[in-house]
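Structural overview for review
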Amino acid sequence: MHEKTHPMKVPFSYQTLLRSYPNRESAIAFYKKQHTTFCPNCNEVLHNPLRKTDPLLLRCPDCGRTASIFTGTIFQGTRADIRYWLYTGSLFYYCKQHLQQIPDRRLLSIQSIKRAIGATSDQTISRIYKTLKKLFESTDIDDMHFCELIFKPFLEKLCPRGLLLTDTGEIR
């Protein structure tokens, strides 16, 4: 007989995220504060935007090459709203830190994430889910550091301190 697994309940919602980060730009600003972008050509730290209207592209002051703030990260090449990534990554981080497991589809389904964020594309959410699952399963020190650097402070802002839920929704 199989043990029944309940869908995960978390102490924050996508609506909570939207109150803290009402638009894509505010989420990008959070990301930029947490993550340092380096020139892929000469490894110089990049600070200067290529254009004031596009905060994603930076220009290297040494070699002149441009790079996205997402270059070399799981966000590279994505067209999905970064808030989808940050919300889903925070769910993974929450599971790993507080439930001591990487969520599987019984605990945290693609459909439940899709419903929570109001996304219309199964393909987008599936890609985000699979990419983040691989990242959180990784034992590479750089991957683990990226998770701590980005998802831990994001989760701390969304989740009230001391409120931890088990996979059945009970408060510990």
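Residues numbered from 1 in each chain as written. Predicted model: local features only at pLDDT ≥ 70, side-chain atom pairs only at ≥ 80, totals over all residues. Heavy atoms only, no water.

A tally of regular secondary structure across the protein chain gives six helices and five strands. Secondary structure elements of the protein chain occur, N-terminal to C-terminal, as α-α-β-β-β-β-β-α-α-α-α. Per-residue burial over the protein chain gives 40% buried out of 172 residues. Long-range contacts, defined here as pairs at least 24 residues apart, represent 63% of the contacts in the protein chain between residues at least 6 apart. By element, 49% of the accessible surface of the protein chain is carried by carbon and sulfur atoms, the whole surface being about 10,000 Å². (Helix = DSSP H or I, 4+ residues; strand = E, 2+ residues; numbered from the N terminus. Buried < 20%, exposed > 50% of the residue type's maximum accessible area, 1.4 Å probe, protein only. Contact = heavy atoms within 4.5 Å. Areas by Shrake-Rupley, 256 points an atom, 1.4 Å probe, with all protein chains shown as cover.)

Turning to the pairing of strand β4 (residues 54–59), a few remarks are in order. Bridge count for strand β3 (residues 49–51) against β4 is two bridges, and the pairing is antiparallel. If you follow Arg51 over to β4, its bridge partner there is Asp54. Of the pairings in the sheet, the one linking β4 to strand β5 (residues 66–68) comprises three bridges and is antiparallel in character. What sits directly across from Arg59, in β5, is Thr66. (Pairing = 2+ DSSP bridges.)

Bringing the side chain of Thr88 into the picture now. By the secondary structure assignment, Thr88 is in helix α3 (residues 82–98). For Thr88, the residues in contact, after removing those within four places along its chain, are Ile113, Ile128 and Leu132.

A word on the layout of surface pockets. As a volume, the largest pocket reaches approximately 320 Å³. Every residue lining the largest pocket is counted, 15 residues in all, and those nearest its centre are His35, Thr71, Gly72, Thr73 and Phe146. The set of elements that each furnish at least two residues to the lining of the largest pocket consists of β1 (37–38) and α6 (141–158). Considered class by class, the residues forming the lining of the largest pocket number six nonpolar, seven polar and two charged. (1 Å grid on protein atoms, 1.4 Å probe; cavity = no way out; pocket = protein on both sides within 12 Å on 5 of 7 lines; lining within 4 Å. Points joined across faces, edges and corners; volume = space filled by probe spheres on them. Nonpolar A, V, L, I, M, F, W, Y, C, P; charged D, E, K, R; others polar.)

Further remarks concern helix α2 (residues 24–34). Taken together, the buried positions of α2 are occupied by Ala27, Ile28, Phe30 and Tyr31. Looking straight down α2, one finds that the buried residues subtend no more than 155° of arc, so they occupy a single side. Buried-residue contacts for α2 involve β4, α3 and α6. The opening residue of α2 is Asn23, an N-cap whose side-chain oxygen sits 3.3 Å from the backbone nitrogen of Glu25. (Arc of directions from axis to C-beta. Polar contact = N/O pair within 3.5 Å; in protein donor to acceptor, adjacent residues only side chain to side chain.)

In this section: the packing of aromatic side chains. In the structure shown here, the tally under the stated rule is 14 aromatic pairs. Centroid distance Phe70 to Phe75: 5.6 Å. Interplanar angle 65°. Geometry classified as edge-to-face. Exposure remark for Phe75: the relative accessible area of 0% places this residue in the buried category. Aromatic pair Phe92 and Phe136: ring centres 5.7 Å apart, planes at 20°, arrangement stacked. Taken as a pair, Phe92 in helix α3 and Phe136 in helix α5 (residues 122–137) lie far apart in primary sequence, 44 residues in all. Residue Phe92 is classed as buried on the basis of its relative accessible area of 0%. Classification of Phe136 by relative accessible area gives buried; the value is 2%. Of the aromatic side chains, those joined through ring pairs into one cluster are Tyr31, Phe70, Phe75, Trp85, Phe92, Tyr129, Phe136, Phe146 and Phe151. (Phe/Tyr/Trp six-rings, centres within 6.5 Å; stacked < 30°, edge-to-face > 60°.)

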